[in-house]
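Reading the structure
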Amino acid sequence: MSVDYKLMVSPRMLELLSKDLYTNMYFVLAELIANAYDADAENVYVFIDDNEIRVEDDGNGMSSENLIQNYLIIGSESRDSESNARTSSKKRLKMGRKGVGKLAALSISNGFKLITVQNSERIGLFIPHRIEHDDEVLKILNDDEYELKKISTNGTAVIMENPKINIPKLQSTVNRNLAKIFPNDIKDFNIHIIFKGQESILVPDEKDVIQRLATFISIGNEKAYLFDSLPKESNLQTNHIDAIETTINMQNNDGKYVDITVRIYGWIGTYKTSRGMKKEINEFSDNYLAIFAHNKMGLRNVLQIVSKNRVYESYIVGNLYIDAFEASNFPDMAGTNRQGYNENDPRWECAISHIRDLTDEIVKMHGQFASLEKVEKEKAKQKEKEQKELELKKTLEETKKQITNNLTNKLSVNDSSESIKDAVEEELNAMTSVLGLKTTVDANKKKIMISQTFNDKFVSDVIYNMLLFNNVPKEDVIYSNGSDPETNLPEKDIYGYLQKFFINSASNQMIYVLFVTSKNVVDVDPKHPSVSWGELMEIGAAWVTRKDHWIFNIDDFKPEKPLNVEDKWVSIYTITDESGNKSISLSEPMVNSFCNKIISTCSDCGYTPKPFEANKNKLIKDYITLYNG
């Protein structure tokens, strides 16, 4: 017996499809705005109130025949070839394709009113969120059951009453989020936002974002004009590259293997700072890399896919345009809800490799920006310190003169001891502001210097890391060969710096010097004489200014005066492996001496060091290869 088997679709499928199709109001509005664009509208009006959301446009509208044969057939593909890829009158590349965008309104409502006008003839229908039976007839609306606010001759309105969402409190929230979905100027197409009676035209988001960037790469000529909106700053890192084009061979809609060119254009950049970036639940984050095709957002943020969990990825922003993703004569690769793509499609695989390269490059550029910015900040900080130093000198000179004149005028040989005491106390009180300035100058100074040669860096690094372990800030240390930029002086002339801040200074804040001595300071090989002038001059400067210091001596070198050789120095011995790499060997007495000198230095400079046992454990565990305990 022959039986015909049929696949039946339940009327309830409409409700199931629309229920979770769109995740928020903005994607719903985006679909309705895209429908208006495809209808050749020049204006689309988005009305948002507490009790109603509506979208009206001045597009072509629909006749009864269009309505029945196109709009009311869920899932009817609007374009499947180059012949129907463009709109009827303005020849725009269509944004829509799947025929399910009309369900968007059902995601946030229990049904909506659809009113379409063509040549002044109106059709009004109510589209419910649930169809009870196969042959259900939609309710036709009378003229008194709806009101049109903008449409007259041609256009379409979608009215969602009592929407099932929380309406944002501010119009700026709506504008910001929609501006990210439609970030650039679209010719002859304006989006009007009427939020609780206040109207504004949506301003493209790209130019606003560009003004906050530290780095910027334009890809292709289409977005090169954005260079004019970049901030005029010297540290800005920019680049322009040609559009990325790769030709691949894949099946088209007819099942034939043909070539298609995946072309990527747009821009990518990084923000100067992550402060103030939008991360609220009801708003799109400012940290994103979006993909567009045919001017329509297809993926909000591809960073989640290409991420390598690098620090500067949280600063990335950009819009990439890949129209091949919407090629009408190739399979549809966009997700049903317009928030993703088929990741098995060859076009996706091709594009994603290029996007990873772009993110690698922009992260590298942001690192360069951050380094330059740090240098600029250090220069500014240094200039401020120098200015305060000059202010202190000037103020002290003026104050000394003032005190001398005041006491000369107030005192006489016949004054009592009590009157003298009062006069002196009065003058000391007048110096309070000067003492405050001195405190500021003292606090801003470097407090510890590691004096060393580059060849002894492996030992100097241990000393530096032990200082950090004991709560010494990086910026309070002078370590010319250190890896941290905070320890490198902004001046090329270290001696000029020492002279300005520690010899000619009006402040008496001392610098503590930790000398790393070895044969590298003065090479005693007569055949290959070599002198480290830098460290020798630092030794001399320490002696002249009577700076407190400790000696950390490497191997069998014997430090001499003017260093304080009467105090016991730390004797550090080195081990050299077959590859020439050096490591440290210390006896237990020298471990104790090392830790005590670090703790003493930190305490004398006003820091709170870790306990002795903590220092000893840290030194032995992390830095000593051979411990003779």
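This text gives an overview of the structure that appears in the document.

Calculation rules
- Residues numbered from 1 in each chain as written.
- Predicted model: local features only at pLDDT ≥ 70, side-chain atom pairs only at ≥ 80, totals over all residues.
- Heavy atoms only, no water.
- Buried < 20%, exposed > 50% of the residue type's maximum accessible area, 1.4 Å probe, protein only.
- Helix = DSSP H or I, 4+ residues; strand = E, 2+ residues; numbered from the N terminus.
- Pairing = 2+ DSSP bridges.
- Salt bridge = Lys/Arg side-chain N within 4 Å of Asp/Glu carboxyl O.
- Core = buried A, V, L, I, M, F, W, Y, C linked by side-chain atoms within 4.5 Å.
- Axes fitted to C-alpha atoms, helices over the stretch in contact; angles between N-to-C directions.
- Parallel < 35°, antiparallel > 145°, perpendicular 65-115°, else oblique.
- Left-handed = near helix turned anticlockwise from the far one by under 90°.
- Contact = heavy atoms within 4.5 Å.
- Nonpolar A, V, L, I, M, F, W, Y, C, P; charged D, E, K, R; others polar.
- Polar contact = N/O pair within 3.5 Å; in protein donor to acceptor, adjacent residues only side chain to side chain.
- Disulfide = S-S within 2.5 Å.

**A few points about the pairing of strand S6 (residues 155-161)**
- Of all seven residues in S6, six are buried; the element is thus mostly enclosed.
- Of the pairings in the sheet, the one linking strand S2 (residues 52-57) to S6 comprises six bridges and is antiparallel in character. Looking at S6, one finds that Ile53 is bridged to Met160.
- Pairing of strand S3 (residues 111-118) with S6 involves five bridges; the strand directions are antiparallel.

**Things to note about the pattern of salt bridges**
- Using the criterion set out here, one finds 21 salt bridges in the structure.
- We note a salt bridge from Glu145 to Lys139, for which the minimum N-O separation is 2.9 Å.
- The exposure class assigned to Lys139 is partly exposed, which follows from its relative accessible area of 45%.
- Asp286 is the salt-bridge partner of Arg212, the closest N and O atoms lying 3.1 Å from each other. Separated by 74 residues along the polypeptide, Arg212 in the loop between helix H5 (206-210) and strand S9 (213-219) and Asp286 in the loop between strand S12 (257-271) and strand S13 (288-293) bring together distant segments of the chain.
- Salt bridges sharing partners connect three or more residues here, namely Lys308, Arg310, Glu313 and Asp360.

**Here we look at the nonpolar core**
- Among the nonpolar cores identified, the biggest contains 63 residues, and Phe112, Leu178, Ile181 and Phe182 are the most heavily contacted of them.
- Examining the composition of this core, we find that eleven residues originate from one element, helix H2 (residues 25-38), more than from any other.
- Within the second largest apolar cluster, 35 residues are counted, among which are Ala293, Ile322, Ala324 and Phe325.

**Some points on the packing of H2 against helix H4 (residues 171-181)**
- At a minimum axis distance of 10 Å, the contact between H2 and H4 shows a crossing angle of 60°. Classified by the angle between their axes, H2 and H4 sit oblique to one another. In this structure, the crossing between H2 and H4 has a hand that is right-handed. Touching Met25, Tyr26, Phe27, Leu29, Ala30 and Ile33 of H2 are Thr173, Val174, Asn177, Leu178 and Ile181, all from H4.
- For the contact of H2 with H4, the per-class residue count stands at nine nonpolar, two polar and no charged.

**A word on the side chain of Glu56**
- Position of Glu56 relative to the elements: it lies in strand S2.
- On the accessibility criterion, Glu56 (0% relative accessible area) is buried.
- One polar contact links the side chain of Glu56 to the main-chain amide nitrogen of Lys149, over a distance of 3.0 Å.
- Here the side chain of Glu56 touches Lys150 through a polar contact of 2.8 Å, landing on its backbone nitrogen.

**Overview of the state of the cysteines**
- Taken as a whole, this structure holds zero disulfides when the rule is applied.
- Looking at the unpaired Cys605, the closest cysteine sulfur is the one in Cys602, lying at 7.2 Å.
- A relative accessible area of 12% places Cys605 in the buried class.

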